[in-house]
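Chains, contacts and geometry: an overview
Each chain, written out:
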Amino acid sequence: MRTSVRPRRTTSSTNYRSATRPPPRRDRAVVDAPPAAEPIESFRIADGHTLSLRPIQPEDADALRRAFSRLTPEQVRLRLFHRVNELSREAAEQLTTIDPATTIAYVVVDADGEIRAEARIHIDPVTDSAEFAVAVDPSFTNQGIGRRLMERLVEDTRRRGLYELWGDVMAENHTMLDFMKRLGAERRAIPDEPGLTRVHFRLGKTRSTPRTA
Ligand SMILES: CC(C)(COP(=O)(O)OP(=O)(O)OC[C@H]1O[C@@H](n2cnc3c(N)ncnc32)[C@H](O)[C@@H]1OP(=O)(O)O)[C@@H](O)C(=O)NCCC(=O)NCCS
């Protein structure tokens, strides 16, 4: 039986809840530089592929659309909470053209430049928190890519001095929920959304008093 989940608002192609809040105040001096295209790290996975992890680039839009088309319908539902047949060009361009003040996004690419995983955080300075999302090509799952990406996102969030990294996970997504628990995340229910579980990493900083917009 499918759990009923209220779809997210789809006004933003990023589908981030935190993206619906008022425009954040930003310390532009710290984060204005666009991320470099060079690989941050290369690594070999169990099936023999050598992959590279790097920041997402505007030029990745077409590759991101192809990567999206390789996800299974179930993966798309687990990632976006509703069914989507394809990633539109507009959405791909929005997802690949990031504002470094509010977004950190990575892709893992193979030797042909095809995107095999994508992960990102959207930072909300109002709450001193960041929301994460991650997806891995179904042919490349269970080989440590998701863990590598999540550990990097946790570290990035910590380095930005934020209070918390969080994400909403469908209740039936046991792979992700169990994985997050092993990574150190806590869980909390989301009022009125019984089909979702919020997982969150407390990163040490004391939450600041919310600022008014
Ligand atoms: C969840 C997801 C990102 C995991 O990516 P991955 O590359 O397979 O992750 P890893 O190989 O690093 O595995 C992470 C952990 O999950 C476990 N795992 C992975 N696939 C599993 C499976 N099919 N069954 C059970 N456990 C599994 C691994 O054993 C690993 O455990 P660890 O804690 O010992 O490291 C991937 O399955 C995915 O893209 N799912 C669809 C999108 C989604 O659910 N996103 C989360 C909401 S934003």
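Small disclaimer: the values here were computed from a predicted structure and weren't measured.

Right, let's get into helix α2 (residues 61-70). Those residues of α2 not exposed but buried are Ala61, Ala63, Leu64, Ala67 and Phe68. The arc that holds every buried residue of α2, seen down its axis, measures 155°, which confines them to one face. As for α2, its buried residues are in contact with α3 (73-80), α4 (89-96) and β4 (115-124).

This part is about the site of the ligand. Taken together, 18 residues lie around the ligand, and Val136, Asn142, Gly144, Arg147 and Arg182 are the ones closest in. Here an oxygen atom of the ligand and a backbone polar atom of Gly146 are 2.8 Å apart. Arg147 places a side-chain nitrogen or oxygen 2.6 Å from an oxygen atom of the ligand. Coverage of the ligand by the protein amounts to 76% of the 930 Å² it exposes when considered alone. Residue assignment for the shell around the ligand shows that the elements contributing at least two residues are α3, β5 (129-136), α5 (145-159) and α6 (174-183). Class assignment for the residues of the shell around the ligand results in 8 nonpolar, 8 polar and 2 charged.

Attention now moves to α3. For α3, the complete set of buried residues consists of Val76, Arg77, Arg79 and Leu80. Buried residues along α3 cover an arc of 165° about the axis, so they all sit on one side. Backbone geometry just downstream of α3 places Phe81 in the positive-phi region, at approximately 75°.

Right, let's talk about the side chain of Arg79 for a bit. Its location among the elements puts Arg79 in helix α3. Glu118 provides the closest opposite charge to the buried, unpaired Arg79, separated from it by 4.3 Å. In this view, Arg79 contacts Glu118, Arg120, Ala133, Val134 and Ala135; residues no more than four positions away in its chain are not counted.

Time to look at the sheet that holds strand β6 (residues 164-170). The strand order β1-β2-β3-β4-β5-β6-β8-β7 describes an open sheet built from 8 strands, whose pairing is mixed. Whereas interior strands pair on both sides, the edge strands pair on one side only; in this sheet they are β1 (41-44) and β7 (186-189). Sheet twist, expressed as the average angle between the axes of neighbouring strands with direction ignored, equals 25°. Note: strand β2 (residues 50-55) against strand β3 (residues 103-109), 4 bridges, orientation antiparallel. Residue Pro55 lies in a different strand from β3, and its bridge partner there is Tyr106. Those strands touched by α6 are β5, β6, β7 and β8 (196-202), and its axis lies near 20° from that of β8.

Parameters and conventions
- Residues numbered from 1 in each chain as written.
- Predicted model: local features only at pLDDT ≥ 70, side-chain atom pairs only at ≥ 80, totals over all residues.
- Heavy atoms only, no water.
- Buried < 20%, exposed > 50% of the residue type's maximum accessible area, 1.4 Å probe, protein only.
- Helix = DSSP H or I, 4+ residues; strand = E, 2+ residues; numbered from the N terminus.
- Arc of directions from axis to C-beta.
- Contact = heavy atoms within 4.5 Å.
- Near = heavy atom within 4 Å.
- Polar contact = N/O pair within 3.5 Å; in protein donor to acceptor, adjacent residues only side chain to side chain.
- Areas by Shrake-Rupley, 256 points an atom, 1.4 Å probe, with all protein chains shown as cover.
- Nonpolar A, V, L, I, M, F, W, Y, C, P; charged D, E, K, R; others polar.
- Lys, Arg positive; Asp, Glu negative; His and termini not counted.
- Salt bridge = Lys/Arg side-chain N within 4 Å of Asp/Glu carboxyl O.
- Pairing = 2+ DSSP bridges.
- Axes fitted to C-alpha atoms, helices over the stretch in contact; angles between N-to-C directions.

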